[in-house]
Amino acid sequence: MFGYITVHQSELKVREYETYRASYCGLCRSLKKRHGRIGQMTLSYDMTFIALLLTGLYEPQTRSGSGRCLAHPMQVHHYRENPYFNYAADMNVMLTWYKCLDDWHDERKLSRWLFAQALRPKMKKIRRLYPEKAELVQGELDALSRMEREGVCDVDRTAGHFGEIMAELFVYRDDEWKQTLRRMGFYFGKFIYLMDAYEDIEDDLKHGRYNPLADLYRKDTFEEDAQEILKMMMAETSRAFEQLPILEDAEILQNILYAGVWTRYGQIRCSRKESQKES
C-alpha cells in the first residue's frame, strides 16, 4: 500500500529481524488462506505492524511454522499465525481496495481499476465481517475526497480523515485499551497520509493534482515545516504506544516507531536534494 511502516533492519538483532520476517510471511499466508492469490498481492509492511502490535498487546496463542511459497519456491520461510494476522489480512485487503479506487478516480489508472474489480468479491466478505468498520472507512474516504475535490489545503483536517480510518483499524476489541489504540492509530494515520503527500508533492503539482501540502511547498521553509509536522505526528503516536503494556516483540515495534518510519523519509529527502542540485 504505502510502504512507510517498516523496520530499520541494521538496528535489529538477528532474532528480532527473523521474527519480523516471520510475521510478514504470516500475514502473507493469512491473505492467501482468506482471500486467495489476489489477496496476497495486497501484502504490505504497514499491516504487518498492526498484526505485531495486537499480538504484543493481547499475547494470543501463536503458531509458528515453516514452508515454501510460490514467490520464493527455493527457500524455506518461517511464519507466525494467530487471529490478529487474519484480522490484519482483512484490513489490508479493504484498504488496498479503497486505495485502488482512489487511484482510479484521481489518475484514471486502468490497472488500479482492474485490481479493484478483482478484489470486489473479497470486499463483500469483509463488509459482512466488519460492517461498522467498512462503513466508517467509506464515510471518511468520501469526506476526504470531497475536500480534495474542493482543493482544501487544511493539513490537519484532511490528514485527520485518514487518521480516523487508521484509528478504527487499530481497534480490535471494545476493552480498556480501545481509546489508547484509537489515539495511536489516529496520529499514525495522519503521519502516513502526510508522508504520502510529502513524497508526491512535486509530481502532484506538476500534473495539477491535489496535494494537502501545496501551500506549504511554496514557502522557503517547506522542508523544515514538513519535518516538524511529521515529527509531531510520530511523537503523539509513540506517546500512545508507550501507554500500552506490550512486552512481546516490543523491541521490533519500537524500532519501527523510532527509526523504521523515518527510513523512507530520509530517502525521499536525499533524492529531492539531489534533484535540486542537478536542476
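Worth saying up front: this structure is predicted, and the values here are computed from it rather than measured.

Caption draft 1: Geometry of the overall build of the protein chain. Along its length, the protein chain carries ten helices and two strands. Along the chain direction, N to C, the helices and strands of the protein chain fall in the order α-α-β-β-α-α-α-α-α-α-α-α. For the protein chain, whose C-alpha radius of gyration is 19 Å, the value lies close to the compact-globule estimate of 19 Å for 279 residues. The burial tally for the protein chain puts 51% of its 279 residues in the buried class. Within the protein chain, contacts between residues at least 6 apart in sequence are counted, and of these 71% link residues at least 24 apart. Summed over its atoms, the accessible surface of the protein chain is roughly 13900 Å², and 49% of this surface lies on carbon and sulfur atoms. Distance between charge centres in the protein chain, computed from 41 positive and 43 negative side chains, equals 7 Å.

Caption draft 2: Seen up close, helix α5 (residues 131-149). Spanning 19 residues, α5 covers 27 Å between terminal C-alpha atoms, matching the ideal 27 Å at 1.5 Å per step. Among all positions in α5, only Lys133, Ala134, Val137, Glu140, Leu141, Ala143, Leu144, Met147 and Glu148 are buried. Check the buried side of α5 and you find it contacts α3 (83-107), α4 (110-129), α6 (155-170) and α7 (178-206).

Caption draft 3: Representation of the layout of surface pockets in the model. There is about 1000 Å³ of room inside the largest pocket. If you trace the largest pocket, you find 34 residues lining it, with Lys99, Asp102, Asp103, Asp106 and Glu148 closest to the centre. Elements that contribute at least two residues to the lining of the largest pocket include exactly α3, α5 and α7. Examining the composition of the lining of the largest pocket, we find that nine residues originate from one element, α3, more than from any other. The residue makeup of the lining of the largest pocket, split by class, is 13 nonpolar, four polar and 17 charged.

Caption draft 4: Highlighting the packing of α5 against α6. In contact at an axis separation of 9 Å, α5 and α6 are set at 170° when each is read in the N-to-C sense. Between α5 and α6, the crossing angle belongs to the class labelled roughly antiparallel. Along the contact surface, α5 presents Lys133, Leu136, Val137, Glu140, Leu141, Ala143, Leu144 and Met147, while α6 presents Arg157, Thr158, His161, Glu164, Ile165, Glu168 and Leu169. When grouped by side-chain class, the residues that make up the contact of α5 with α6 number eight nonpolar, two polar and five charged.

Caption draft 5: A look at the pattern of salt bridges. Counted according to the given criterion, the structure contains 19 salt bridges. For the salt bridge of glutamate 168 with arginine 182, the shortest nitrogen-to-oxygen distance reads 3.1 Å. You can see glutamate 168 sitting in helix α6 and its partner arginine 182 sitting in helix α7, a full 14 residues away along the chain. Glutamate 223 is paired through a salt bridge with arginine 272; the nearest N and O atoms lie 3.5 Å apart. You can see glutamate 223 sitting in helix α9 (residues 222-241) and its partner arginine 272 sitting in helix α10 (residues 250-278), a full 49 residues away along the chain. Judged by its relative accessible area of 16%, glutamate 223 is buried. On the basis of relative accessibility, which here comes to 5%, the residue arginine 272 falls in the buried class. Here the salt bridges share partners, and the residues they tie into one network are Arg29, Lys33, Arg63 and Glu81.

Caption draft 6: Just the confidence of the model for the protein chain, in detail. Here the protein chain shows a mean pLDDT of 91. Residues at 70 or above account for 97%. Averaged pLDDT values over the elements of the protein chain bottom out at 83 in strand β1 (residues 63-67) and peak at 97 in α9.

Caption draft 7: Broad picture of the packing of aromatic side chains. Enumeration over the complete set of coordinates arrives at 17 aromatic pairs. On the numbers, 6.3 Å between centres and 40° between planes, the contact of phenylalanine 49 with phenylalanine 170 is tilted. One end of the pair, phenylalanine 49, is in helix α2 (residues 45-58); the other, phenylalanine 170, is in helix α6, and 121 residues separate them in sequence. Across the pair, exposure class does not vary: phenylalanine 49 and phenylalanine 170 are buried alike. Through a chain of ring-to-ring contacts, the aromatic side chains of Phe191, Tyr198, Tyr217, Phe222, Trp262 and Tyr265 assemble into a single cluster. Taking the ring centre of tyrosine 79 as reference, the NZ or CZ of arginine 29 above it sits at 3.7 Å. Looking at arginine 173, its charged tip hangs above the ring of tyrosine 58, at a distance of 4.1 Å from the centre.

Caption draft 8: Spatial organisation of a nonpolar patch on the surface. Together, Leu110, Trp113 and Leu114 line one region of the surface with nonpolar side chains, adding up to about 290 Å² of accessible area. Examined against the element boundaries, leucine 114 turns out to sit in helix α4. Residue leucine 114 is classed as partly exposed on the basis of its relative accessible area of 46%.

Conventions and cut-offs
- Residues numbered from 1 in each chain as written.
- Predicted model: local features only at pLDDT ≥ 70, side-chain atom pairs only at ≥ 80, totals over all residues.
- Heavy atoms only, no water.
- Helix = DSSP H or I, 4+ residues; strand = E, 2+ residues; numbered from the N terminus.
- Rg over C-alpha atoms; globule rule 2.2 N^0.38 Å.
- Buried < 20%, exposed > 50% of the residue type's maximum accessible area, 1.4 Å probe, protein only.
- Contact = heavy atoms within 4.5 Å.
- Areas by Shrake-Rupley, 256 points an atom, 1.4 Å probe, with all protein chains shown as cover.
- Lys, Arg positive; Asp, Glu negative; His and termini not counted.
- Charge placed at Lys NZ, Arg CZ, Asp CG, Glu CD.
- Expected span 1.5 Å × (residues − 1).
- 1 Å grid on protein atoms, 1.4 Å probe; cavity = no way out; pocket = protein on both sides within 12 Å on 5 of 7 lines; lining within 4 Å.
- Points joined across faces, edges and corners; volume = space filled by probe spheres on them.
- Nonpolar A, V, L, I, M, F, W, Y, C, P; charged D, E, K, R; others polar.
- Axes fitted to C-alpha atoms, helices over the stretch in contact; angles between N-to-C directions.
- Parallel < 35°, antiparallel > 145°, perpendicular 65-115°, else oblique.
- Salt bridge = Lys/Arg side-chain N within 4 Å of Asp/Glu carboxyl O.
- pLDDT = per-residue confidence, 0-100.
- Phe/Tyr/Trp six-rings, centres within 6.5 Å; stacked < 30°, edge-to-face > 60°.
- Lys NZ or Arg CZ within 6 Å of the ring centre and 35° of its normal.
- Patch = residues over 30% accessible without salt bridge, like charges linked within 9 Å, V, L, I, M, F, W, Y side chains within 5 Å.

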